[in-house]
Amino acid sequence: MARFRHLISIDDLSKDDIVYILDKAEEFEDIARGKKCNILEGKILANLFFEPSTRTRMSFEVAMKRLGGEVLNMTAQEASSIAKGETLADTIRVVSKYADAIVIRHPLEGSARLAAEFSEVPVINAGDGAGQHPTQTLLDLYTIRKESKLEGLKIALMGDLKYSRTVHSLIKALTLFDAKIYLISPESLRLPEEFLEELEGDIEIANLEDVIGEIDVLYVTRIQKERFPDEEEYRKVAGSYKITPEVLKDAKDDLIVMHPLPRVDEIDPRVDRTKHAKYFDQAFYGVPVRMAILTEVMLD
Ligand code: NCD
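Residues numbered from 1 in each chain as written. Predicted model: local features only at pLDDT ≥ 70, side-chain atom pairs only at ≥ 80, totals over all residues. Heavy atoms only, no water.

Assigned domains of the protein: these are domain 1 (10-132 + 286-298) and domain 2 (134-283). Centre-to-centre separation of domain 1 and domain 2, based on C-alpha positions: 25 Å. Facing the 33 residues of domain 1 at the interface are 26 residues of domain 2. Taken together, the two surfaces of domain 1 and domain 2 that pack against each other cover about 2,500 Å², and 57% of this comes from carbon and sulfur. Along the contact surface separating domain 1 from domain 2 lie 8 salt bridges. The partner of K146 in a salt bridge is E26, with the nearest N and O atoms 2.8 Å apart. (Domains from an automatic or database assignment. Contact = heavy atoms within 4.5 Å. Buried area = accessible area lost by both parts, 1.4 Å probe. Salt bridge = Lys/Arg side-chain N within 4 Å of Asp/Glu carboxyl O.)

Okay, here's the thing in structure tokens:
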């Protein structure tokens with residue numbers, strides 16, 4: 001029996017479910033690196049992306065293919081003809097008759113939850129506007145567990161905390177692991193109040209200089225330009241923070257720097273060559289983690 005049917009929000013999972021998926025992902029690492037496997041042979045995944053994506057879409061596709069399954073990708077042209085008139089509900093009703101599971105990314109918050117209501121097959125949320133991105137959170141937690149430690153973690157979340165769905169998902173999961181969370185952002189990009197009110201656990205607004213010497217993880221995000229209601233507001237904060245080797249000079253030896261990618265200018269490429277940089281490994285870990293999720297929802 002699967003632990004969950006759909007994966008829409010990280011809130012749908014208990015701590016126990018999360019640890020179970022991370023353990024399962026561990027077992028898929030060899031297959032993610034190319035070892036043969038056919039457990040999803042005969043299964044079809046539909047990738048419905050109404051917003052740009054490279055890593056998320058491709059890592060779901062790689063995960064599926066390396067497990068012997070197949071993938072239907074909705075093309076940009078099909079996405080635009082849907083935008084011309086068909087409702088999301090109708091698209092989902094139809095696609096769920098073609099595939100064994102659906103991965104959806106959509107600009108509207110709540111869209112994945114709506115899709116799940118109309119789907120005959122499991123729906124996985126790959127990002128709904130500024131809402132949630134639960135599969136990214138699972139791969140972020142996997143990266144933290146592998147490259148640092150999950151329990152007793154001190155982490156700084158930096159950048160666009162207002163619109164980053166990766167942060168909105170991750171922050172909820174971190175409280176399950178009793179993390180100490182520092183929030184670092186330009187004033188206008190602070191974490192929305194409703195999150196602060198809802199969150200239990202140790203969370204505080206900080207400056208990077210004050211905490212760089214004690215954190216285990218620095219999680220950097222891109223300013224989510226596409227979510228700004230007005231270009232002028234974006235221009236006011238564009239380029240307002242940047243991680244460089246100099247910024248990291250007082251960091252703990254084993255500090256890891258993470259980023260969901262794509263980065264724009266918030267991490268200097270010189271950081272890539274430091275021992276702290278883990279964002280490319282993080283992108284790889286998306287494959288075993290998504291394998292664990294796909295097998296969970298597709299196999300009985
Ligand atoms: C993130 C997203 O789409 O929310 N990207 C991703 O899935 N790796 C982060 C971003 O776009 O900045």
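As summarised here, the arrangement of the 4 strands in space is β2-β1-β3-β4, forming an open sheet in which the pairing is parallel. The strands lining the two open edges of the sheet, one partner per strand, are β2 (70-73) and β4 (123-128). Adjacent strand axes in the sheet meet at a mean angle of 15° when their direction is disregarded. Two strands pair when backbone bridges link them, and strand β1 (residues 44-49) and β2 are joined in this way by 4 bridges, in the parallel orientation. Paired with N47 across the strands is N73, a residue of β2. (Pairing = 2+ DSSP bridges. Helix = DSSP H or I, 4+ residues; strand = E, 2+ residues; numbered from the N terminus. Axes fitted to C-alpha atoms, helices over the stretch in contact; angles between N-to-C directions.)

Our next topic: the packing of helix α4 (residues 88-98) against helix α5 (residues 111-118). Packed helices, taken two at a time, are described by their axes: the angle between them and the distance between them. Two elements in contact, α4 and α5, have axes whose closest approach is 9 Å; the angle formed by their N-to-C orientations is 50°. Accordingly, the angle class assigned to the pair α4 and α5 is oblique. Remark: the crossing between α4 and α5 carries right-handed chirality. Seen from α4, the contacting residues are L88, A89, I92, R93 and S96; seen from α5, they are S111, L114, A115 and F118. (Parallel < 35°, antiparallel > 145°, perpendicular 65-115°, else oblique. Left-handed = near helix turned anticlockwise from the far one by under 90°.)

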